[in-house]
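So the chains spell out like this:
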Amino acid sequence: MNTLRRARQWLHAHPMVGDAVLAAMVLTAMVVLSFADRQGGPHGRTTWGARTPDALSLTLMALGAVALVFRRRAPMPVLAFTAVVSLVELVTGDPRAPVAMSVVVALYTVAAHTDRPTTVRVGLLTMSVLTGAAMLGSLGGGALPWYDQENLGLFAWTGMAAAAGDAVRSRRDFVQAIKERAERAERTREEEARRRVAEERLRIARDLHDVVAHHIALVNVQAGVAAHVMDKRPDQAKEALAHVREASRSALNELRATVGLLRQSGDPEAPTEPAPGLDRLEELVGTFRNAGLPVEVARADHGTTLPAAVDLAAYRVIQEALTNVQKHAGEEAKAEVSVVRVGPNVEITVLDSGPGPGTAEPDGPSREGGGHGLLGMRERVTALGGSCTAGPRYGGGFRVHAILPVKTASPATGKAG
C-alpha cells in the first residue's frame, strides 16, 4: 500500500512519465486491434479475420500516440492534431485502423481540464466531424455501410470521453471546494478563538483596573492624611491607618475573587461569593466618605432587579467615577450619585464639583486622558447594549452618565463585564 502511494506521488510529480506510459499503452492497443479484420459474412453475419495494417496506418497510429505524451501541457493542440490524424485514417484507410483511440484520450483530457461550456462545444464538434467523416467514407465506396456500428461506435466513444472528462473535472472541483471550505472554517474558528481570548483578557483587565484603582486611591488618600496628622493628632492618624488597613484588605479580597475566575471550574479554592452590585452601593459610598469625600446618593429605581452583568456594570461605573473624583477633583470636591429607572433602562449619573476641564493633580494625569478608567467604563456599558458619556460640566466639575438596559439582549451578553 505504501509502495502504491509512493508511486502515485512520484507520477504526480512527473506527469509526462505517466503520459508517456499511457501513450505506449494506447499505441499497443491500436496496433493489436489493427490486425483484426472485420468482414461481413452470409445472412448479415460478421466474421473476423487477420490482416496486416499498411505503413500509413502504422505511421498515423504512432503519431497519434506520441502526441498524447503532451496532452497535459497542450490539451487543445493535442486534440486538434489527433483529430486530423484520425480524419486521414478515416478517409484513406480500408479497412480502417483504430487511430481514433488517440482522439478519445485527447478529448477526455480537454474535458478534464477545461470548463463545461468548452467541453460541450469541443466535444460536439469532434463527435460531429469524426462521425461525419466516417459515414462519408463508407458512402464513398467503403466495405461497410454508413450506418455500421463502427461509425456509430465512434460517435459513442467520443461522447463518453467528453462526459467522463467532465465528470472527473466536476469531482475534482467539488473536492477542492470542500477542502477550501474546511480550511476557511478552520481559519474562522481560529479567529473566533483569538477574538474570545482578546475579549476575555479585556474583561479581566477592566475588572482588575476597577478593583485596584478604587482601593489604591483610598489607600493613597488615607495614608496622606495619616502622614499629615501623625505628630499633632495621633488619634486621627490611627483612624486613617485603620481605613488604610480596611481598604487594603478589601482590595486583596476583590483581587482574590477576580483572579479566582481564572481557576478551573472544579477547583475547590475558587471563590463562590457573588459579584458586587447596587445592593452594596452604600458600602461602596461609605469607603469614599471615610476617605473624606462627601457623597450624596439618590435612588429612584423602585426595587428593580437587574441581571448580574448589568448590576456589576452599574456598580463598577459608580466605583470608577467616584475613584476619579477622589483622585482628580481636589480636597473640596463633593460628589452626587443618582440611580434612576427610566422605562426599559436604568440610568447612572455621577456628578462632582471639582475643578474645570483638563485640570490635573500635580503628579497625575487629568481625568480626561492618560488612564483606562473612562475607556473601561464605556467598553463595559457598550458590551451590554448601553451607552456611556463622560465630560466636564458647565461651570466646573465632571459628569459621568451611563444608560444600561434592564434586560440584556441575549444570554451571551450576560457574560460581559
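You'll find the structure just up there.
Here the structure is a predicted model, which means the values were calculated and not measured. (Residues numbered from 1 in each chain as written. Predicted model: local features only at pLDDT ≥ 70, side-chain atom pairs only at ≥ 80, totals over all residues. Heavy atoms only, no water.)

**A few points about the packing of helix α2 (residues 15-34) against helix α3 (residues 55-67)**
Right, so step 1: Running from N to C, α2 and α3 point in directions that differ by 160°, and their axes come no closer than 8 Å. In terms of orientation, α2 lies roughly antiparallel with respect to α3. Between α2 and α3 lies a crossing of right-handed hand. Here α2 contributes A23, L27, M30, V31 and S34 to the contact with α3, which in turn contributes M61, A62 and A65.
Right, so step 2: Its residues assigned to classes, the contact of α2 with α3 comprises seven nonpolar, one polar and no charged. (Axes fitted to C-alpha atoms, helices over the stretch in contact; angles between N-to-C directions. Helix = DSSP H or I, 4+ residues; strand = E, 2+ residues; numbered from the N terminus. Parallel < 35°, antiparallel > 145°, perpendicular 65-115°, else oblique. Left-handed = near helix turned anticlockwise from the far one by under 90°. Contact = heavy atoms within 4.5 Å. Nonpolar A, V, L, I, M, F, W, Y, C, P; charged D, E, K, R; others polar.)

**Let's talk about the environment of T82**
Right, so step 1: Examined against the element boundaries, T82 turns out to sit in helix α4 (residues 75-92).
Right, so step 2: The exposure class assigned to T82 is buried, which follows from its relative accessible area of 0%.
Right, so step 3: In the structure, T82 is positioned 19 residues away from M101 in sequence and 9.0 Å away in space, judged by C-alpha atoms.
Right, so step 4: When near neighbours in sequence (up to four residues on either side) are disregarded, T82 contacts G64, A67, S102, V103 and A106.
Right, so step 5: For T82, the side chain forms a polar contact with the main-chain oxygen of V78, separated by 2.9 Å. (Buried < 20%, exposed > 50% of the residue type's maximum accessible area, 1.4 Å probe, protein only. Polar contact = N/O pair within 3.5 Å; in protein donor to acceptor, adjacent residues only side chain to side chain.)

**Some details on the pattern of salt bridges**
Right, so step 1: If you walk through the whole model with that rule in mind, you get 10 salt bridges.
Right, so step 2: Across the pair E282 and R289 runs a salt bridge, and its minimum N-O distance is 3.7 Å.
Right, so step 3: Relative accessible area serves as the criterion here: at 38%, R289 is assigned to the partly exposed category.
Right, so step 4: Through salt bridges with shared partners, one network takes in R116, D166, R169 and D173. (Salt bridge = Lys/Arg side-chain N within 4 Å of Asp/Glu carboxyl O.)

**Some thoughts on the packing of helix α9 (residues 281-290) against helix α10 (residues 308-328)**
Right, so step 1: Contact pair α9 / α10: the axes reach a minimum separation of 11 Å and the direction vectors enclose 10°. Here α10 runs roughly parallel to α9, going by the angle between their axes. Where α9 abuts α10, its residues L281, L284, V285 and F288 lie against Y315, I318, Q319, L322, T323 and Q326.
Right, so step 2: Partitioned by chemical class, the residues of the contact of α9 with α10 number seven nonpolar, three polar and no charged.

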